[in-house]
Amino acid sequence: FTNGHLYLIEYAAAQVDNLYVFIVSEDKSCFPFSDRLQLVREGIKNRVENVVVMPSGSFILSAATFPEYFTKEDASEDVVIDTSFDLEIFAKYIAPVLNISVRFAGEEPYDVVTRQYNRDMEQVLPKYGIRFECVPRKCISENECISASKVRKYWKEGSKEEVRRRVPQ
C-alpha cells in the first residue's frame, strides 16, 4: 500500500458519497492478501470516513476473470489481453448491487497490462452507465511517480529508506 494508493483513495472518496475499495484477494504477491488488506485498512484509518475496504473475491481482478493481470510483469508492449469477462461481471452484477456509478483507477505509465485495462474500462463501463475516471498518479519527483512495483523491488533489495519515501507511516 503506497502513498500513491492513499492519494487515489482520498481523491476518489472526496468525489462520491460511498467508496468501495476492492483489494485483490489472490495470493500471488510477495505480500499475502491478509497483510495487504490490513495495510490498506490501517493506511486509511482516521483519513477518510466514507470508504469500505473489502476483498475482491473471485469476480474482480481474479485469476478466473483476468488471469493476465497476474503475469503482467512479464508482458511486452505489444501484449493484447481480453478484459471483457472481468469488466462485464463488474458492470452487470457487482456495480448495480453496490450502486456504483463511477469507477476510479490510477493512470498507468509503467505497466502495459494495467494501462490496457484502464483503456478497456474507459470504453466498456460507460455502456453500462458507469463513468470511468483515470486519476493522475502521485509523484515523488518531477521524473518519478510512485509505483507499487518499485516499492516491491526496493523491499526485496532491503532499501528501507526508498520504501519509506513511498508508503504511509
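Before reading further, recall that the structure is shown in the block above.
These lines cover the structure that appears in this document, whether it is placed above or below. (Residues numbered from 1 in each chain as written. Predicted model: local features only at pLDDT ≥ 70, side-chain atom pairs only at ≥ 80, totals over all residues. Heavy atoms only, no water.)

Concerning the pattern of salt bridges
Here the idea is simple: oppositely charged side chains can pair when their charged atoms come close. Applying the stated rule across the entire model yields 11 salt bridges. Close ionic contact of Glu-108 with Arg-137 constitutes a salt bridge, the shortest N to O distance being 2.5 Å. Taken together, the residues Glu-108 in the loop between β3 (102–106) and α4 (112–124) and Arg-137 in the loop between β4 (131–135) and β5 (139–141) connect sequence positions 29 residues apart. Accessibility classification places Glu-108 together with Arg-137 in one group, the buried group. Glu-161 is the salt-bridge partner of Arg-164, the closest N and O atoms lying 3.5 Å from each other. Here the residue Arg-164 and the residue Glu-161 both occupy positions in helix α6 (residues 160–164), the gap between them amounting to three residues, near one helical turn. On the basis of relative accessible area, Glu-161 is assigned to the exposed category, the value being 51%. Overlapping salt bridges, with partners in common, bring together Glu-144, Lys-150, Glu-162, Arg-165 and Arg-166 in one network. (Salt bridge = Lys/Arg side-chain N within 4 Å of Asp/Glu carboxyl O. Helix = DSSP H or I, 4+ residues; strand = E, 2+ residues; numbered from the N terminus. Buried < 20%, exposed > 50% of the residue type's maximum accessible area, 1.4 Å probe, protein only.)

Observations concerning helix α3 (residues 84–98)
Spanning 15 residues, α3 covers 20 Å between terminal C-alpha atoms, matching the ideal 21 Å at 1.5 Å per step. A maximum bend of about 35° is found in α3 at Ala-91. If you follow the buried residues of α3, they end up packed against β1 (19–23), β3 and α4. Asn-99 occupies a position one or two residues after α3 and carries a positive phi of about 60°. (Expected span 1.5 Å × (residues − 1). Bend = angle between axes of the 7 residues up to and from the residue. Contact = heavy atoms within 4.5 Å.)

Digging into the packing of aromatic side chains
Evaluated as defined, the whole model comprises three aromatic pairs. Centroid distance Tyr-11 to Phe-104: 6.3 Å. Interplanar angle 80°. Geometry classified as edge-to-face. Highlighted residues: Tyr-11 in helix α1 (residues 3–15) and Phe-104 in strand β3, separated in sequence by 93 residues. Tyr-11 sits in the partly exposed class, given a relative accessible area of 27%. Ring centres 6.4 Å apart and planes at 25° place the aromatic pair Tyr-20 and Phe-22 in the stacked group. Given a relative accessible area of 22%, Phe-22 falls into the partly exposed group. Over the face of the ring belonging to Phe-90 we find Arg-103, whose NZ or CZ atom lies 4.3 Å from the ring centre. Across the ring face of Tyr-110, the terminal group of Lys-150 is positioned such that the distance to the ring centre comes to 5.9 Å. (Phe/Tyr/Trp six-rings, centres within 6.5 Å; stacked < 30°, edge-to-face > 60°. Lys NZ or Arg CZ within 6 Å of the ring centre and 35° of its normal.)

These figures capture arrangement, not role.
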